[in-house]
Structure formats: structure tokens, C-alpha cells
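Chain residues, written in single-letter form:
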Amino acid sequence: MAHAIQSLLSLTNHRSHPKPTTTFSPITLRPASLSFSTRKKPHVRRISAIFDLENSSPPSPLESISIDVDAVTEAELKENGFRSTRRTKLICTIGPASCDFEQLEALAMGGMNVARINMCHGTREWHQAVIRRVRRLNQEKGYAVAIMMDTEGSEIHMGDLGAASAKAEDGEIWTFSVRAFDSQLPDHTINVNYEGFAEDVKVGDELLVDGGMVRFEVIEKIGPDVKCRCTDPGLLLPRANLTFWRGGSLVRERNAMLPTISSKDWLDIDFGIAEGVDFISISFVKSAEVINHLKSYIAARSRDSDIAVIAKIESIDSLKNLDEIIRACDGAMVARGDLGAQIPLEQVPSAQQKVVQLCRQLNKPVIVASQLLESMIEYPTPTRAEVADVSEAVRQRADALMLSGESAMGQFPDKALTVLRSVSLRIERWWREEKRHEAMRLPPIASSFSDRISEEICNSAAKMANNLEVDAVFVFTKDGYMASLLSRCRPDCPIFAFTTTTSVRRRLNLQWGLIPFRLSLTDDMDSNLNRTFSLLKARGMIQSGDLVIALSDMLQSIQVMNVP
Ligand SMILES: Nc1ncnc2c1ncn2[C@@H]1O[C@H](COP(=O)(O)OP(=O)(O)O)[C@@H](O)[C@H]1O
Ligand SMILES: C=C(OP(=O)(O)O)C(=O)O
Ligand SMILES: [K+]
Ligand SMILES: [Mg+2]
């Protein structure tokens, strides 16, 4: 009962023969076990297309506009060919340094796949304007930048400072207060957003700003005011996160009682749904329950329920319940900023590796975030250590890397993005050259028989792609599932993913190695392939003779062929 290779015709058109040919030899793999399965039989068709250049008409002008692809990818493909396309996706947090149309365009041009807005900062009107600018950019200039919205979450943080930043010097006394100040803040005073703060802290506690960038010791409590002495000087930034420690460990009983999604977060989520964001990232996730809750809320609220829910792994609880959280979410973020404030810093790298691996195994996209290029907030070049950190995330084959302050409020957003891009490209190439096929074992994950077929097809296709050194894998995918399974295998060649809906296409933006296209598809694989080839050829994105593996989740088929 082997998977039958139906027609192993001689595979004459290898890529070393660059000349256009009029015939090619398809291999159609058919899951043989289907014939005696009681389950619903997928529609398997034998494909016997023979492309004939003479007979195929040139694409009409109408056809040539009927495929949507990112303008940057298109340019890259034309210039450098398949192999050089970047596999690691890039996310930029948008803030005052990057919110203009021109600034957004520069980032899109520089390879930003996802624009992230953080509801912790700014007003809803501000974020709405950003979202609409990104959409306009996509429409007018042919980009496909997706939008990610982060909830604020119930963290304890400082209020606005009335200035861009403030310097806390060694030994200075500062007041952290829960009072609402109508007018200007008194000198050396910080507003705290959590009402229970003055009750919860104790004299002698250590107060960490931004995970330890600045430290204070609590010396006195006076009603709503908590007086603290600065023990580690540094820069205070608006809305910086606060944690307090007692006897060397984090005090988190209170934090644990706060809801993961606050009432303000629910309003922000309604806003995100109304604006049609592509991803909602939940801060300080503690369990799978909140993810499931939000997913059903979104499904009930939004027509297509196509907003993906990303779990931010940034607390001790999220690490404890990692497996159930990753299973429940549509993707995860290693949010190293807050994570590093909750666990000892030296444990962050192993936590990162663990989350990245688990996500890969469970087929969920994973983002590595925070301080990748922190020094580039102020300087135009990164440190060697930062480049090494970015390289490690790429080497771990995370789906995406994220900029925070570097793009939101730094002086060099474009340069930081350029560093992410060039380091990604270099490490990806090195990885392909040095260590051709990696050893990570991917456990089976499909829950239905039909999904199992898709999974086996993708695993085989990725292996074949590497062994045959094909130029690209084409996947025709309705909901993106088969594309994600292919991405999970991290093949050496890029994956062209063709899908019918704009929202699926935008969501594929977060996944490693996928180049998403939007195209109207029919049930006829021959005609899909024919149209795709002629459309891509007309735009100079592929050439006759390129060796391609084509998969479809409508037919659950696999073929190897040269582009006619
Ligand atoms: N919408 C915004 N308005 C103003 N400043 C922002 C905005 N988004 C981000 N920032 C700035 O960029 C920094 C980094 O962003 P991010 O990592 O998302 O937040 P945080 O540092 O609060 O975790 C923030 O500390 C803040 O100074
Ligand atoms: C990405 C993170 O979350 P935020 O920037 O919202 O604090 C983080 O903590 O690393
Ligand atoms: K946050
Ligand atoms: Mg955080």
C-alpha cells in the first residue's frame, strides 16, 4: 500500500537545461490508501498537462493585473532570482518615528512584512490613522503589509512623563504615585497606572523599571505616594513597565489576579476588529483559556473571523503553560522585554529556543521580539553582539523578527530594518550552503485523515525540493493550511503560495519562506498552473526552464515540472 508514483516518466527537463521546452514530465503522487478508506475521499485528479508555448496565448492586459504580489518581492525576484529571496519575515513597531505615509513607505520598501501597533501607547485615533495609511500604501503602491495590534494587557506601568524621557540619577529620591494629577507632574514624580500599587509594595522592596534598566528601593509609603531611592541610574521612558521584587523574587500575586484582557483591552479589540487588523497579539497571556475566549469572541464579531490571535510569551505563567497556549493560539511572540523582567536574564535565551522549537513542531508562526538592535535607537550601526543575536534568531529559523523602539521612536528606523534584512539574508544563505538539510524531527500534527494527507504531501515535497534542488515550490492553498505545512519544513527553496483571498494572503506574511500571491483559482489545476505560469512569466518573475514542484490543497496533488 505504498504511495504510488503514478507516472514516473523520465524527468528530462532538469534545471541545468535552461532552454524552454514544450513538454515536461509530471509526477502525480496519489495517496493510494484512499481507495479503501471509509473517510471522505478527496478529489484526486491526474494532471497531464503538456504546456505548448506555441499554443498558449500571451496574457491579456486583464490577466496581468489579476495576480497580486508584493511590489518588493516582485522587484527582488526579477533582480536576483529565487534563491536570494528572504525567508525570515520582518515586523516593525510603528510609533512617532515611523507613522507618516513616507516613513511607512520607506519601511515597506525596506522589507517590512507586518506593521505593529502597540495599544499601550497613543490614542485610538492615532492608531486608526496609521492603519489607514498602511492600507492606502498597499492599495496605491502594491505592498501587502499586514497589521498587527498588541493589547496593552494588565501590566503595571508608569504614566506619561510630560517629556520624552527623564534621567534618574544615583541616590535621587523619586515619588511613585497612584494619584491622578490634573496639571503638570511635580518634579521627580512618576504616575503609576495600577490603583493597588501603594498598598501592594512594601518598604524595602526593589522596584524595576523596564525589567531593570533603572532600579529603585522603596524607602517610605505616604498614602498614595511611594518614595523610592534610585539605586541603578538610567533613562525613564513614558509608560515603562514596572515590576517589584521582594527578597530576590518577583512579587506577582497581584499581577496574577489582574485580567489578561482588561476592559480597555476589550475596547481596543473591538477597534481592531472594526479596522480589520490581521493579527491581535495578547500581552501577558497566562493560559490557553484566554486565547480560546478571544478566538470565539472574534469569530462571533467579525464576518470572516480571519484575525489571527498571537500569544505573547512574556510571563512566568506563560512559560508554565506553554504547550497548551501554543496549541490554542495562531502564533506566538517571544516578548523578551517583559520576559527578561520576569525570569533571570540568563534564562531568556533558552526560553526563546524552547518557544521557537515548540511553535515549529506545532506549526504555529513564531516571532522573536525586543532589543534585537536596541543600540540603533540612538546609533546608526548595531553592536556586534546585536548582530550575533539577530543571527541566532535567524539560525533558529524563527518565522519573524520584530523591531520595537528601533522603528517606533528611534533615530534610524530604516537602517535598523536594513540590518535585519541583510543579516537574515546572509545567515539564510550560509545555512543553506553549510548545512544543507537539517535534522529537526517534525512530529505528525494532523488531526484528520485529510490533513494527514496534506502533511505527508508537504513533508515529501519539501524533501524532494531539497534533493532535486528545485527553484521553487508552488502551493495553491485556499485557507493557507498547506502553505503553512510547507513553511514548517523550512525547505531550501522559496515557497510561492497562491490563495484567493486578500486576508489569507496578508496572514501568510508572517510565515517563514512564504511568498504570498492573490489569484482567483478554479477547481481545474491545469488551468490554475497555466495561468500562474503565464502571469508570472509575463511579469518576469519566473522563466522557462525553472524547475518547480506544484502542490494543491484542493486536489491534494504533487507535481514536478519545468516551467514551459
Ligand atoms: N504609538 C506610539 N506612540 C508613541 N510612542 C510609541 C508608540 N508606540 C511605541 N512607542 C515608543 O516605542 C517604544 C517601544 O515600543 P514597544 O516595545 O512596543 O513598547 P514598550 O516599550 O512599552 O513595551 C515605547 O516605549 C514607546 O516609547
Ligand atoms: C514585545 C514585548 O511587549 P511590549 O513591547 O508590548 O512590552 C516585550 O515585552 O518584549
Ligand atoms: K504591553
Ligand atoms: Mg511586553
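Presented here is a report on the structure given in the accompanying data block. This one's a predicted model, so the numbers in the text were calculated from it and none came from an experiment. (Residues numbered from 1 in each chain as written. Chains lettered and ligands numbered in written order. Predicted model: local features only at pLDDT ≥ 70, side-chain atom pairs only at ≥ 80, totals over all residues. Heavy atoms only, no water.)

1. Re the site of ligand 1
Then step 1. In the vicinity of ligand 1, the contacting residues are T93, I94, P96, R116, N118, H121, W126, H127, S404, G405, A408 and M409.
Then step 2. The side chain of R116 places a nitrogen or oxygen atom 2.9 Å from an oxygen atom of ligand 1.
Then step 3. H121 places a polar side-chain atom, nitrogen or oxygen, 2.8 Å from an oxygen atom of ligand 1.
Then step 4. Secondary-structure elements contributing two or more residues to the shell around ligand 1 are β5 (114-118), α4 (124-141) and α14 (405-408).
Then step 5. Partitioning the shell around ligand 1 into residue classes produces 5 nonpolar, 6 polar and 1 charged. (Near = heavy atom within 4 Å. Polar contact = N/O pair within 3.5 Å; in protein donor to acceptor, adjacent residues only side chain to side chain. Helix = DSSP H or I, 4+ residues; strand = E, 2+ residues; numbered from the N terminus. Nonpolar A, V, L, I, M, F, W, Y, C, P; charged D, E, K, R; others polar.)

2. Description of the coordination of the magnesium ion (ligand 4)
Then step 1. Listed as protein donors to the magnesium ion (ligand 4) are E314 (OE) and D338 (OD); their distances from the metal cover 1.9 to 2.1 Å.
Then step 2. Separating the magnesium ion (ligand 4) from the potassium ion (ligand 3) is a gap of 4.3 Å. With E314 in the loop between β17 (308-313) and α9 (316-320) and D338 in helix α11 (residues 336-342), the pair connects residues that are 24 residues apart, well separated along the chain. As far as burial versus exposure is concerned, E314 and D338 are alike and both buried. (Donors = N, O, S within 2.8 Å, 3.2 Å for Na, K, Ca; no water. Buried < 20%, exposed > 50% of the residue type's maximum accessible area, 1.4 Å probe, protein only.)

3. So, the site of ligand 2
Then step 1. As a structural note, the neighbourhood of ligand 2 is formed by R116, N118, K312, E314, M333, A335, R336, G337, D338, S370 and M402.
Then step 2. One nitrogen or oxygen atom from the side chain of R116 is found 3.2 Å from an oxygen atom belonging to ligand 2.
Then step 3. With respect to ligand 2, the side chain of N118 contributes an N or O atom lying 3.1 Å from an oxygen atom.
Then step 4. Counting only elements with at least two residues in the shell around ligand 2, the list comes to β5, β18 (331-335) and α11.
Then step 5. For the shell around ligand 2, the element with the most residues is α11, which contributes 3 residues.

4. Describing the pattern of salt bridges
Then step 1. According to the stated counting rule, one finds 25 salt bridges in the structure shown.
Then step 2. Of the charged contacts, one joins D278 and R506 as a salt bridge, the two residues approaching to 2.7 Å between their closest N and O atoms. Taken as a pair, D278 in the loop between α7 (263-275) and β16 (279-282) and R506 in helix α18 (residues 502-507) lie far apart in primary sequence, 228 residues in all. Comparing D278 with R506, the two get one shared label, buried.
Then step 3. Across the pair R488 and E455 runs a salt bridge, and its minimum N-O distance is 4.0 Å. Pair noted here: R488 is in helix α17 (residues 481-488) and E455 is in helix α16 (residues 449-468), with a separation of 33 residues, a long-range link.
Then step 4. The buried category is assigned to E455, whose relative accessible area is 4%. (Salt bridge = Lys/Arg side-chain N within 4 Å of Asp/Glu carboxyl O.)

5. Here we look at the nonpolar core
Then step 1. Within the largest apolar cluster, 72 residues are counted, with the highest numbers of intra-cluster contacts made by I94, I280, L294, L373 and L401.
Then step 2. Beyond its immediate sequence surroundings of up to four residues, I280 is in contact with M149, T151, I269, L294, I298, I307, A308, V309 and I310. (Core = buried A, V, L, I, M, F, W, Y, C linked by side-chain atoms within 4.5 Å. Contact = heavy atoms within 4.5 Å.)

6. What about the environment of I91?
Then step 1. Within the secondary structure layout, I91 lies in strand β4 (residues 89-93).
Then step 2. On the accessibility criterion, I91 (0% relative accessible area) is buried.
Then step 3. Linking I91 and S404, residues 313 residues apart in sequence, is a C-alpha distance of 8.7 Å.

7. What to know about the pairing of β4
Then step 1. Here β4 lies mainly inside the structure; 5 of its 5 residues are buried.
Then step 2. Side chains of β4 alternate between two faces, with K89, I91 and T93 and L90 and C92 buried alike.
Then step 3. Here β4 pairs with strand β20 (residues 400-403) via 4 bridges, running parallel. Along β20, the bridge assignment pairs K89 with A400.
Then step 4. Relative to β5, β4 is paired through 3 bridges, and the arrangement is parallel. Across the sheet, the residue bridging to I91 is V114, located in β5.
Then step 5. On the question of chirality, the crossover connecting β4 to the parallel β5 by way of helix α3 (residues 101-109) is right-handed. (Pairing = 2+ DSSP bridges. Right-handed = clockwise from strand over helix to strand, strands pointing away.)

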